[in-house]
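So the chains spell out like this:
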Amino acid sequence: AQTVTQSQPEMSVQEAETVTLSCTYDTSESDYYLFWYKQPPSRQMILVIRQEAYKQQNATENRFSVNFQKAAKSFSLKISDSQLGDAAMYFCAYRSGNNAGNMLTFGGGTRLMVKP
Amino acid sequence: DAEITQSPRHKITETGRQVTLACHQTWNHNNMFWYRQDLGHGLRLIHYSYGVQDTNKGEVSDGYSVSRSNTEDLPLTLESAASSQTSVYFCASSSLSAYNEQFFGPGTRLTVL
């Protein structure tokens, strides 16, 4: 079974600064997908960014980028130019690449606080 | 616009009662999932379905059941509610491809007294 670990329960960042959230995972599969979800106080789960394991290039979505280290099984999220609206819980998630296992396995989450 | 809805948004019940949480999606997705969210655990999979009449147990399925009679709905039933089932419950759906995003409902906060 796959496991996902987020070792930082809480992080804080100054507005306009950069912050990196850590995620490690354990799997024996070679084909999989990794995701970062944002959960603001509204509780809504919002997809931030996704990465296919077969791609070496790190995914980027505007101010959000990932550092995907497949050999180390590490998938960190970098938020640049942090904004007050970035304050939320962030969850790292794993999804198997074979269609028999489309469910997500989540890490425990990191609460990000943004200081004005 | 397509969406996924959950009802009720908040529910308080008593130990031993049967409770059903509704989930309805208009994406026409084959895959539907139920997760529970507890502090420190992230979201954990309860049950999932890959289509009508298909249901499967997830990581924390004890005390829960689901049925899938149509594409749009996957109700979650707590047969005999326990205080340990106090949690926030999320329904999600996705199309068949593992690449595709799972869309989440707004969540139901369930309190079992």
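Look above for the structure.
Predicted, not measured: the structure shown is a model, and the values here were computed from it.

**Looking at the interface of chain A and chain B**
- If you look at the interface, chain A gives 23 residues, while chain B gives 30 residues.
- Where chain A packs against chain B, one counts 0 salt bridges.
- Put simply, chain A and chain B have 6 residue pairs in polar contact (both at pLDDT 80 or more) between them.
- Those elements giving two or more residues to the side of chain A that touches chain B turn out to be strand 5 (32-39), strand 6 (46-52), strand 10 (88-96) and strand 11 (104-106) of chain A.
- Broken down by element, the residue count for the side of chain A that touches chain B peaks at 4 residues, all from strand 5 of chain A.

**Some points on the pairing of strand 8 (residues 64-69) of chain A**
Residue and element names in this part refer to chain A.
- In this structure, strand 7 (residues 60-61) lies alongside strand 8, joined through 2 bridges in antiparallel fashion. By the bridge assignment, glutamate 61 is partnered in strand 8 with phenylalanine 64.
- Taken together, strand 7 and the strand that follows it, strand 8, pair antiparallel across an intervening segment of 2 residues, in which asparagine 62 is found at a positive phi of about 55 degrees.
- Where strand 8 lies against strand 9 (residues 74-79), 6 bridges are found, and the strand directions are antiparallel. Across the sheet, phenylalanine 64 pairs through a bridge with isoleucine 79, a residue of strand 9.
- The loop that links strand 8 with its antiparallel partner strand 9 comprises 4 residues; one of these, lysine 73, has a positive phi angle of about 55 degrees.

**A closer look at the packing of aromatic side chains**
Residues and elements named next belong to chain B.
- Tallied over the full model, the rule gives 18 aromatic pairs over all chains.
- Between tyrosine 35 and phenylalanine 104 the ring centres are 5.8 Å apart and the planes differ by 35 degrees, which places this aromatic pair in the tilted class. On the criterion of sequence distance, the pair formed by tyrosine 35 in strand 4 (residues 31-38) and phenylalanine 104 in strand 10 (residues 103-104) is long-range, its members being 69 residues apart.
- Note on phenylalanine 104: relative accessible area 4%, which makes it buried.
- Judged by centre distance (6.5 Å) and plane angle (80 degrees), the rings of phenylalanine 90 and phenylalanine 104 are edge-to-face. Here the residue phenylalanine 90 occupies a position in strand 9 (residues 87-94), and phenylalanine 104 occupies one in strand 10, the gap between them amounting to 14 residues.

**Overview of the side chain of arginine 68 of chain B**
All names here are of chain B.
- Note on placement: arginine 68 falls in the loop between strand 7 (64-66) and strand 8 (76-78).
- No salt bridge forms around the buried arginine 68; measuring N to O, its nearest opposite-charge neighbour aspartate 54 is 6.4 Å away.
- Polar side-chain contacts of arginine 68 include one of 3.1 Å to the backbone oxygen of asparagine 70.
- Side-chain polar atoms of arginine 68 contact the backbone oxygen of threonine 71, separated by 2.8 Å.

So, how was this worked out
Residues numbered from 1 in each chain as written. Chains lettered and ligands numbered in written order. Predicted model: local features only at pLDDT ≥ 70, side-chain atom pairs only at ≥ 80, totals over all residues. Heavy atoms only, no water. Contact = heavy atoms within 4.5 Å. Salt bridge = Lys/Arg side-chain N within 4 Å of Asp/Glu carboxyl O. Polar contact = N/O pair within 3.5 Å; in protein donor to acceptor, adjacent residues only side chain to side chain. Helix = DSSP H or I, 4+ residues; strand = E, 2+ residues; numbered from the N terminus. Pairing = 2+ DSSP bridges. Phe/Tyr/Trp six-rings, centres within 6.5 Å; stacked < 30°, edge-to-face > 60°. Buried < 20%, exposed > 50% of the residue type's maximum accessible area, 1.4 Å probe, protein only. Lys, Arg positive; Asp, Glu negative; His and termini not counted.

That's the geometry; what it means functionally is another story.
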